[in-house]
Amino acid sequence: MVSSDVRVRFAPSPTGYLHVGGARTVLYNWLFARHLGGKFILRIEDTDQERSTREAERMQLEDIRWMGFDYDEGPEVGGAYAPYRQSERLDLYAKYAQDLLAGDRAYYCFCSDEVLDTKREAAMKAGETPQYDGTCLKISKADALKRKQAGEKPTVRFKAPVREYRLHDLVRGEVVFPSNMVGDFVILRNDGMPVYNFCVVIDDHLMKITHVLRAEEHLSNTVRQMMLYEAYGWPLPQFGHMSLILGADRSKLSKRHGATSVHQYNEEGYLREALLNFLVLLGWSSPTENKEIMTIDEMVRDFSLDRLNKAPSVFDPVKLKWMNGQYIKAYPLAELTRLTMPFLKKSELPIAGHDEAWIARALDVIRGNLETLADAPRFLRIFFDETFDIEPDAVAVKSEPTFTAVAGALKAALEKHLTGAGDNLTSDDFAKIQDQVKVASGAKGKGLFMPMRVVLTGHAHGPDLKLIVPLLGTKRSLARIEKVLTGK
RNA sequence: GUCCCCAUCGUCUAGAGGCCUAGGACACUCCCCUUUCACGGGAGUAACCGGGGUUCGAAUCCCCGUGGGGACGCCA
């Protein structure tokens, strides 16, 4: 196959935010397409009108965009096989269902939900795979049409051939579905809406999808879809079923496991690159041994289906956090600042009085402490006078024997610096000032260092004073000392 | 229950018959760096689910157990 013929798709149903499992599915599809120079298509599977909403679709699209997955065809961008929203392709499905009905490959079913449920439960209890018993198969076509005319609302069932199906799965290898695995299944609901297993086949075929890469939960659906391809005489696309993402209790990851939506991670201050990097490693590994941190370009370059892991994987939020921290440390500062701004604006910090360049410098000093962008306000507090105060962890330092002498000497040294050099205070300036304080106060070691730290930052811990002080300047440093000394 | 899939440290994984005394990462512990915190560096604890084969040789291949997961819908 010529590589540019490759066409893959991601087909979410818009019933909520994009969750991490879905995100990994998009990622793998997108990487596969980009690696091979193929096309990546987005299709909205909104045939379940009960649950699908336009709002959810908007959110999904937004999440996909945030993650950086550009699609070649899909809603909003269009394409040669439009429309890409199943709810806008209803006439198509009706036509193809009609073909099946006409060819005697499908029939009307008048069974009610209740009897179906009862039979299903009975079958399970009896130790059998529940499947349709063929009741309505006995109804003649003429009778069925008559009842339909009379106002009854039947579903349309596909006549499932009774034979074994073999699937050559791209990730699982040869999978055999026994002949009795599925019974006649519904392709059209009683309100005329088509059902998933039916639309996917029509759409994947019409949209010339070459590779269907999706989660393992769809593996057993595949046999139904193979039957449909066969009925239409259409060639099968290649299928690849990727293992599931599990929660800590090893069941399929869901909301009860905590944050599972991409949107939430975005809001909690995760970088998209970190999320992507974490997700790509959940079931796939780089061909370069021991390579964990990688750029998106490297993922595109190295991605291949044969390195997918068949075993399901547990989602570990702790490792995600670590990874996010790695990205924060290495991120371009201007960009990092831009992304951090919303978190600062939401916080109590009075950032209005500072320009972005100053904030960027401050952020640069504390970025090593961050695991998420949401941590930033907490670490940035030391730079803002309005929030400056002696923090609980620093109270004890005030009663150190050297405290008063050091604070006084520091004040004097800074005042001298102010008259000589003004408000500008460099790291080198501070080093000299520190020497002066040492001589003047007679303090040394922690006895010297801790009082200075406390009087300047209000904390017993924090980044190197040499890095903090230039951001403060002489006057503000002096004001802080004043506040501590006078208690005002 | 039936069918399908899966099985290496607590977790993510490397490993495609000898390179394995099983490697890396997260987490955890300790040490170093640091006049603080964090970062960083180093070290350590920790795994081939069990049983049978096949083979000179098995984490790797086969079978059977066991365990886990998924699907059995007029959801996708």
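Definitions and limits used
- Residues numbered from 1 in each chain as written.
- Chains lettered and ligands numbered in written order.
- Predicted model: local features only at pLDDT ≥ 70, side-chain atom pairs only at ≥ 80, totals over all residues.
- Heavy atoms only, no water.
- Salt bridge = Lys/Arg side-chain N within 4 Å of Asp/Glu carboxyl O.
- Buried < 20%, exposed > 50% of the residue type's maximum accessible area, 1.4 Å probe, protein only.
- Helix = DSSP H or I, 4+ residues; strand = E, 2+ residues; numbered from the N terminus.
- Axes fitted to C-alpha atoms, helices over the stretch in contact; angles between N-to-C directions.
- Parallel < 35°, antiparallel > 145°, perpendicular 65-115°, else oblique.
- Left-handed = near helix turned anticlockwise from the far one by under 90°.
- Contact = heavy atoms within 4.5 Å.
- Nonpolar A, V, L, I, M, F, W, Y, C, P; charged D, E, K, R; others polar.
- Pairing = 2+ DSSP bridges.
- Right-handed = clockwise from strand over helix to strand, strands pointing away.
- Phe/Tyr/Trp six-rings, centres within 6.5 Å; stacked < 30°, edge-to-face > 60°.
- Lys NZ or Arg CZ within 6 Å of the ring centre and 35° of its normal.
- Near = heavy atom within 4 Å.
- Polar contact = N/O pair within 3.5 Å; in protein donor to acceptor, adjacent residues only side chain to side chain.

Caption draft 1: Structural context of the pattern of salt bridges. According to the stated counting rule, one finds 40 salt bridges in the structure shown. Between Arg166 and Glu164 there is a salt bridge whose closest N-O contact spans 3.0 Å. A residue is classified by how much of its surface remains accessible, and Glu164, at 37% relative accessible area, is partly exposed. For Lys411, the salt bridge identified is with Glu482, shortest N-O distance 3.4 Å. On the criterion of sequence distance, the pair formed by Lys411 in helix α16 (residues 403-421) and Glu482 in helix α19 (residues 465-486) is long-range, its members being 71 residues apart. Judged by its relative accessible area of 34%, Glu482 is partly exposed. Among the charged side chains, a salt-bridge network with shared partners connects Arg9, Arg43, Glu45, Arg89, Asp203 and Asp204.

Caption draft 2: Structural view of the packing of α16 against α19. Between α16 and α19, whose axes approach to 10 Å, the crossing angle comes to 150°. Classified by the angle their axes make, α16 and α19 are roughly antiparallel. Here α16 runs over α19; the crossing is left-handed. Contacts between α16 and α19 pair Phe403, Ala407, Leu410, Lys411, Leu414, Glu415, His417 and Leu418 from the former with Thr474, Lys475, Ser477, Leu478, Ile481, Glu482, Val484 and Leu485 from the latter. Of the residues that constitute the contact of α16 with α19, the class distribution is 9 nonpolar, 3 polar and 4 charged.

Caption draft 3: Region of interest: the side chain of Asp204. Here Asp204 is to be found in helix α6 (residues 196-206). If sequence neighbours within four positions are ignored, Asp204 has contacts with Arg9, Arg43, Cys199, Ile209, Val212 and Tyr229.

Caption draft 4: Highlighting the pairing of strand β1 (residues 7-10). Side-chain alternation along β1 places Arg7 and Arg9 on one buried face and Val8 and Phe10 on a second face that is also buried. Here β1 runs beside strand β2 (residues 39-42); their pairing, made up of 4 bridges, is parallel. Within β2, the residue paired with Arg7 across the bridge is Lys39. Assessed by its sense of winding, the connection that carries the chain from β1 through helix α1 (residues 20-36) to β2 is right-handed.

Caption draft 5: Region of interest: the packing of aromatic side chains. Tallied over the entire structure, the rule returns 12 aromatic pairs. Measuring from ring centre to ring centre gives 6.2 Å for Trp358 and Phe383, while their planes differ by 85°; the resulting arrangement is edge-to-face. Of this pair, Trp358 sits in helix α13 (residues 356-366) while Phe383 sits in the loop between α14 (376-380) and α15 (395-398), placing them 25 residues apart in sequence. Phe383 carries the same exposure label as Trp358, and that label is buried. Among the aromatic side chains, those forming a connected cluster through ring pairs are Tyr265, Tyr270, Phe278 and Phe315. Seen from the ring of Tyr96, Lys95 lies directly overhead, with NZ or CZ sitting 3.9 Å from the centre. Over the aromatic face of Phe110 sits the side chain of Arg147, whose NZ or CZ is 4.1 Å from the ring centroid.

Caption draft 6: Representation of the protein's contact with RNA strand B in the model. Around RNA strand B, a shell composed of 67 residues is seen, among which Gly127, Arg189, Gly445, His461 and Gly462 lie nearest. Among the atoms of RNA strand B close to the protein, meaning within 4 Å, 73% are from sugar or phosphate groups. Separating a sugar or linking oxygen of RNA strand B from a backbone N or O atom of Gly368 is a distance of 3.1 Å. In this structure, Asn369 approaches RNA strand B through a side-chain N or O atom, which is 3.0 Å from a sugar or linking oxygen. Those elements giving two or more residues to the surface near RNA strand B turn out to be α4 (113-125), β4 (155-158), β6 (173-177), β11 (313-314), α11 (317-330) and α18 (446-457).

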